[in-house]
Each structure stands twice: as C-alpha cells, then as structure tokens.
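A closer look at the structure
Chain by chain, the residues:
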Amino acid sequence: MRILVTGGVRSGKSTHAEDLIGGAPATYVATGTPPDREQDPDWAARIDAHRARRPDSWGTLETQDLAGVLAEARDPLLVDCLGTWLTAVIDAADAWEGDSDAVHDLVLARTDEVVDALGRCEQDVVLVTNEVGLGIVPEHRSGRLFRDLLGLVNQRVAAACDEVHLVVAGRVLRL
C-alpha cells in the first residue's frame with residue numbers, strides 16, 4: 001500500500017501518517033536537514049516532538065536520497081516530508097536563484113526517480129507532504145517557486161499512490 005498524506009501546517013498529517021504505520025517495525029525517513037539547535041530552537045523542538053512520538057520499534061534514517069531509500073527498503077517506510085525533501089533538493093543544487101526552467105527540470109527529474117522507485121518498492125510506504133497552494137501568492141520568487149514545484153511533486157507522487165489522504169483540522173478525508 002502506498003499512501004500520500006497531505007494537509008496544511010499543524011493539521012495533524014504527521015500523526016495520521018504515524019497511525020497508518022502503527023507500532024510494527026518501520027523506518028522513519030526524515031528528509032530535511034538536521035536543525036541547528038542554537039540557530040533555530042523552535043524547529044529543533046518540533047523535531048524532538050516527532051522523535052518522541054515514534055515507537056521504539058522504528059528506525060530513523062535522515063537522508064535526502066529518497067529514491068535510494070525506496071529502492072533498498074526492507075521495512076515499511078514513513079517519509080516525512082516531501083516539502084523538506086524538495087527544499088533539500090533545491091538547496092543541494094544551490095538553485096533558488098537559478099533559471100526557473102532549469103530548476104523545474106532538476107526537480108522533476110529527481111521526482112521521476114522517486115516515483116519510479118516508489119512503483120518498484122515492495123514495502124508499504126506512507127509519504128507526508130504539505131498543501132501550500134491554497135492561500136495567497138507568495139511575495140518572493142523563492143516562495144512562488146517552492147509552491148509551484150511542490151504542487152507538481154505532489155501530483156506526480158499522488159499518481160503513484162494507492163490512496164491520498166487530506167488532513168484538515170485533525171480530520172481525514174480520503175480522496
């Protein structure tokens with residue numbers, strides 16, 4: 001089973017994704033870069049809260065090589081989240097100010113690798129993402145770029161999943 005869980009900030013999507021995996025052995029795939037505790041203590045506290053909720057039977061893997069993890073999976077996976085993965089992809093290429101077409105090509109190529117690996121993965125996979133295109137148009141180019149690219153990433157990953165769950169205010173709508 002492949003499930004994409006999407007929703008807004010603090011909607012309950014990560015908790016819902018964790019409930020879908022349950023207490024059985026699994027691997028939590030953290031796709032963001034580890035926080036600098038001195039620079040951003042609030043983000044570090046959020047990461048700590050996520051870690052504290054996970055069962056002891058879960059392993060944790062911090063990586064941006066999502067396609068590689070999917071290809072090598074030996075246990076069910078919970079990937080949290082595609083938004084931080086996208087940020088890491090753009091950061092690694094130092095592409096925030098790059099040509100829009102080139103950034104789109106880079107992200108879509110990496111997304112196609114993930115979708116291909118997801119299609120071949122024999123384990124259950126729950127992926128968490130953000131729904132960022134429901135509000136205002138971001139003032140800055142980087143915000144618009146992120147919003148547009150994450151929308152494309154979400155569409156491609158959703159097409160490779162068996163189910164998509166939208167979480168709003170802690171409530172789940174299966175699409």
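It should be emphasised that the depicted structure is a prediction, and the values quoted were computed from it without experimental measurement.

Glancing now at the sheet that holds strand β2 (residues 26–30). The strand order across the open sheet built from seven strands is β3-β2-β4-β5-β1-β6-β7, with neighbouring strands paired in mixed fashion. Unpaired on one side and paired on the other, β3 (58–62) and β7 (171–174) mark the two borders of the sheet. In this sheet, adjacent strand axes meet at a mean angle of 20 degrees when their direction is disregarded. Judged from the four bridges that link them, strand β4 (residues 77–80) and strand β5 (residues 125–128) form a sheet pairing that is parallel. Counted as the bridge partner of Asp 80 is Val 128 from β5. Strands in contact with helix α1 (residues 13–21) are β1 (2–7), β2, β3, β4, β5, β6 (163–168) and β7; relative to β1, the strand with the most contacts, it is inclined by about 160 degrees.

We now examine the pairing of β2. The buried fraction of β2 is high, at five of five residues. Here β2 shows a buried face lined by Ala 26, Tyr 28 and Ala 30 and a second buried face lined by Thr 27 and Val 29. Both β2 and β3 contribute to a ladder of five bridges, which runs parallel. By the bridge assignment, Tyr 28 is partnered in β3 with Thr 60. Pairing of β2 with β4 involves four bridges; the strand directions are parallel. Following the sheet pairing, Val 29 is matched in β4 by Val 79.

The next point concerns the UniProt feature "active site" (unreviewed entry) in the chain. Residues annotated in UniProt with the feature "active site" (unreviewed entry) correspond here to His 50. With respect to the element layout, His 50 can be found in helix α2 (residues 41–53). Setting aside residues no more than four positions away along its own chain, His 50 makes contact with Ser 14, Glu 18, Tyr 28 and Asp 80.

Before going further, it helps to spend a moment on the side chain of Asn 154. With respect to the helices and strands, the residue Asn 154 is situated in helix α6 (residues 141–159). Given the relative accessible area of 8%, Asn 154 is considered buried. Those residues in contact with Asn 154 that sit more than four places away from it in its chain are Leu 4, Leu 82, Thr 129, Asn 130 and Glu 131.

Rules and cut-offs
- Residues numbered from 1 in each chain as written.
- Predicted model: local features only at pLDDT ≥ 70, side-chain atom pairs only at ≥ 80, totals over all residues.
- Heavy atoms only, no water.
- Pairing = 2+ DSSP bridges.
- Helix = DSSP H or I, 4+ residues; strand = E, 2+ residues; numbered from the N terminus.
- Axes fitted to C-alpha atoms, helices over the stretch in contact; angles between N-to-C directions.
- Contact = heavy atoms within 4.5 Å.
- Buried < 20%, exposed > 50% of the residue type's maximum accessible area, 1.4 Å probe, protein only.
- UniProt positions renumbered as here; feature names shortened; annotations may be inferred.

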